[in-house]
Amino acid sequence: MKVVIVGAGPAGLAAALAARAHGASVTLLDAADEPGGQYWRHLPPERPSANERILHHGWQRFTAMRRALEADAGCEIVMGAQVWAIERSDAPAQARTEAPMPAAPVVVHVLVGPPDGTGRAGRTFRPDALVLATGAHDRTLPFPGWDLPGVFTAGAAQAFAKGERVAVGQRVVIAGAGPFLLPVAASLVATGARVLGVFEASRIAGLVRGWLPKPWQLIGAAKKGGELAGYVGTHLRHRIPYATGRAVIAAHGTDRVEAVTVARVDANWRPVPGTEQRIAADAVCVSHGFTPRLELPIAAGCAISSSRFVEVDEAQQSSVAGVYAAGEITGIGGVDAALVEGELAGHCAAGGSPGDPEVRRAAKARTTFTGFAARIEAAHGIRRGWTAWLDDDTLVCRCEEVPYGRFRETAAQTCGSGLRSMKLTTRAGLGICQGRVCGGTVEELIGGGPETAAGGLLDQRGVAATTDRRPIASPVRLGELAGGIGPTEPTEPHLSKPTVQKGHQ
Ligand SMILES: Cc1cc2nc3c(=O)[nH]c(=O)nc-3n(C[C@H](O)[C@H](O)[C@H](O)COP(=O)(O)OP(=O)(O)OC[C@H]3O[C@@H](n4cnc5c(N)ncnc54)[C@H](O)[C@@H]3O)c2cc1C
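Residues numbered from 1 in each chain as written. Predicted model: local features only at pLDDT ≥ 70, side-chain atom pairs only at ≥ 80, totals over all residues. Heavy atoms only, no water.

> Hey, could you run me through the overall build of the protein chain in this one?
Within the protein chain, the regular secondary structure consists of 13 helices and 21 strands. Looking at the 505 residues of the protein chain, the share that counts as buried comes to 55%. Pairs at least 24 residues apart make up 69% of the contacts formed inside the protein chain by residues separated by at least 6 positions. Carbon together with sulfur atoms contributes 55% to the accessible area of the protein chain, which is approximately 21900 Å² in total. (Helix = DSSP H or I, 4+ residues; strand = E, 2+ residues; numbered from the N terminus. Buried < 20%, exposed > 50% of the residue type's maximum accessible area, 1.4 Å probe, protein only. Contact = heavy atoms within 4.5 Å. Areas by Shrake-Rupley, 256 points an atom, 1.4 Å probe, with all protein chains shown as cover.)

Written out as structure tokens, the structure is:
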């Protein structure tokens, strides 16, 4: 039984351990240099720290998982492995008749090596089961001035702080929505920045409505309470102001950010006139939640829910038999949700069942953490009134420099606002990021409905529009394609070392 896992973050690592424990041969692929995903980032090898563990929650757990997998001859870890495409192959795989379970109807195409080099080697897999654990990236709503140098996504600021120990500025404003703002503030002060304020767009009433119902259900997530207490302590020690119902609605500066305007917003995130406050700052970090990385599940044919997550059953199996999903691509529930989902996905992908005693604890914990994800969405989910802080010059798509005004004009002139026609006419979402940054915004502006403050651009065709459909999941050189995409890997277990392949060395 051969299980291929894409993503070596918390979900993928847990899946690999569970699949091995159930006897499958595992190949764990990740495009990054080191395993650990977004949560367990590494300091650069040239600047190591003996204290790396104190920079991260759960570092010991991570190192234990990593060591166990690296020492296991039945697990091949391939870093620098970019899965650039998944093909549907509903024809049976060659070795399928020998396999104890039907093979997943997918072919996984991988390029291994430095993405900026020319020597990447192609590999192709036809696994018996595929686990997708590709995580999420953070979502940022546009506002006037958000394209100035000095405006960062909170995730990028966190990556610099945790992965490089570099602060993105000296006087930093943090804004957006969600619990993620708190660890970002903590990491920034730990790297020497002064955090001038954390501004959460949701108002107290919304937070209470999202977090407080059925509080006993939160008991299973008590560890999160401990983390929260730690962040509150940091805020108090460093006197970081924290305000709810406030948003950064503009950034100002000539060559880079010099100040931001923060305003009170109503329950729908519409700015309240007369409440604007200007704050001098040299950096602003913004996050309005996370966007799951869905290109591979979509390519594999997995059903995606209306809230844009991969739909899974109790076994973490998607709508495609043999294709499993775990972690942030099934819902934004944080590291603990990713770990338990990964464990279940790996166990079931290897032929186990969610009712088996060895995963009973994980199955129970999943209920708690799934509820956690629902609370985050209810309390901090994006509200439609945000479009009121856009002006006609605000760039909606930064890659193709498409301002909001052109977007609106095009919709008015063409009387059509379908996603495809708006993309082709304005070029929004067609640039280098392929809509990863602006996709959600473009979709919301098109399908926001007439009640949207700025006169939302209704998708009159009622077509389920998505910018996540990217058959080529990452940039590939034509030369790499021309050179062939690599032989198909054998499906039988490999049991020889070396198990860790570093594509970036
Ligand atoms: C930028 C950022 C910073 C965060 N910081 C914190 C924090 O400080 N504290 C906190 O509590 N939570 C943080 N989170 C949330 C936390 O990281 C997640 O809850 C957790 O990591 C989810 O685990 P995962 O395994 O689902 O995904 P990830 O940890 O995101 O792992 C996904 C892995 O898949 C790999 N991958 C994706 N696509 C491909 C592909 N096509 N080919 C090969 N590999 C691929 C990625 O390289 C990555 O290693 C952060 C999230 C982000 C996006």
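> Sorry if this is basic, but what is going on with the sheet that holds strand β12 (residues 242-244) here?
Remark on secondary structure: sheet strands pair via backbone hydrogen bonds, oriented parallel or antiparallel. With respect to topology, 5 strands assemble into an open sheet ordered β9-β16-β10-β11-β12, the strand pairing being parallel. Every other strand in the sheet has two partners, leaving β9 (151-153) and β12 as the edge strands with one partner each. Each strand of the sheet is rotated relative to its neighbour by a mean of 20 degrees, with strand direction disregarded. The sheet contact formed by β9 and strand β16 (residues 283-287) spans 3 bridges and is parallel. Residue pairing in the sheet places V151 in a bridge with V284 of β16. Sheet strands touched by helix α3 (residues 154-164): β9 and β16. Its angle to β9, the strand with the most contacts, is close to 85 degrees. (Pairing = 2+ DSSP bridges. Axes fitted to C-alpha atoms, helices over the stretch in contact; angles between N-to-C directions.)

> It is not clear to me how the side chain of T234 should be interpreted in this structure. Could you clarify?
Here T234 lies in helix α6 (residues 222-237). If near-sequence neighbours (up to four positions away) are discounted, T234 is found in contact with A186, V189 and I240.

> Help me out: how do you make sense of the packing of helix α1 (residues 10-21) against helix α2 (residues 59-70) in this one?
When two helices pack together, you describe them by how their axes are tilted relative to each other and by the distance separating the axes. Where α1 meets α2, the axes come as close as 10 Å, and the angle between the chain directions of the two elements is 45 degrees. On the basis of the axis angle, α1 is oblique to α2. Remark: the crossing between α1 and α2 carries left-handed chirality. Across the interface between the two elements, P10, L13, A14, A16 and L17 of α1 pack against F62, M65, A68 and L69 of α2. Broken down by class, the residue content of the contact of α1 with α2 amounts to 9 nonpolar, no polar and no charged. (Parallel < 35°, antiparallel > 145°, perpendicular 65-115°, else oblique. Left-handed = near helix turned anticlockwise from the far one by under 90°. Nonpolar A, V, L, I, M, F, W, Y, C, P; charged D, E, K, R; others polar.)

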